[in-house]
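So you can see what is in the structure, the chains are spelled out below.
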Amino acid sequence: MSSANRRVSLPEAFLTADIVLSTLQNISEGLVVYPKVIERRILEELPFMATENIIMAIVSKPKAPAKEDSSVTPNDEAAPVEAVGDRQEAHEHIRVLSHQAAKVVKEEGKPNDLIERIKGDPYFEPIWGESRELC
């Protein structure tokens, strides 16, 4: 960097940093934090954020073997494990339930009930017990 460039660039960098810090100070000095409001907003959005975890959990669950298939013994070669549902099907179930829950929140002003809807949908029965951890 040339001497002339340094004489212009360095003061401008410090002026820019000063303006950014002054703006940050103006914003943060009057900031009031309401933990209950933050908690409520997080609880409104958390179920929507957890949908990817729910989809991944349901598609990774192995389907229970059919009861009439007693020909497979524990020493036989392991057959490929079939998942409960495919990703596209799980996504569609979540999409429908999410739209229903969002409608209740936006139009009726009620709390987000997406997790309860998932617990009530028989498609997601294999992971009903894990819903709390998935969130």
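What you are looking at is a predicted structure, and each value in this text was computed from that prediction instead of being measured. (Residues numbered from 1 in each chain as written. Predicted model: local features only at pLDDT ≥ 70, side-chain atom pairs only at ≥ 80, totals over all residues. Heavy atoms only, no water.)

Colleague: Would you mind going over the overall build of the protein chain in detail, with residue names and values included?
Modeller: What the protein chain contains, in helices and strands, is 6 helices and 0 strands. Each helix and strand of the protein chain, ordered N terminal to C terminal, gives the series α-α-α-α-α-α. Counting every position in the protein chain, which comprises 135 residues, the buried fraction comes to 19%. Of all intrachain contacts in the protein chain linking residues separated by at least 6 positions in sequence, the fraction that spans at least 24 positions is 64%. For the protein chain, the accessible area works out to roughly 10,500 Å², and carbon and sulfur atoms hold 58% of it. (Helix = DSSP H or I, 4+ residues; strand = E, 2+ residues; numbered from the N terminus. Buried < 20%, exposed > 50% of the residue type's maximum accessible area, 1.4 Å probe, protein only. Contact = heavy atoms within 4.5 Å. Areas by Shrake-Rupley, 256 points an atom, 1.4 Å probe, with all protein chains shown as cover.)

Colleague: So what's going on with the side chain of T51? Residues and values would help.
Modeller: Looking at the secondary structure, you find T51 in helix α3 (residues 51–60). In this view, T51 contacts I94, S98 and L114; residues no more than four positions away in its chain are not counted.

Colleague: If you had to explain the pattern of salt bridges to someone new, which residues and values would you point to?
Modeller: Across all of its chains, the model carries 6 salt bridges by this definition. For R40, the salt bridge goes to E44, with nearest N and O atoms at 3.3 Å. You can see R40 and its partner E44 sitting in helix α2 (residues 35–49), 4 residues apart, about one turn around the helix. The partner of R87 in a salt bridge is E52, and the shortest N-O contact between them spans 2.5 Å. Here the residue R87 occupies a position in helix α4 (residues 87–108), and E52 occupies one in helix α3, the gap between them amounting to 35 residues. Here R87 falls in the partly exposed class, since its relative accessible area comes to 41%. The partly exposed category is assigned to E52, whose relative accessible area is 37%. (Salt bridge = Lys/Arg side-chain N within 4 Å of Asp/Glu carboxyl O.)

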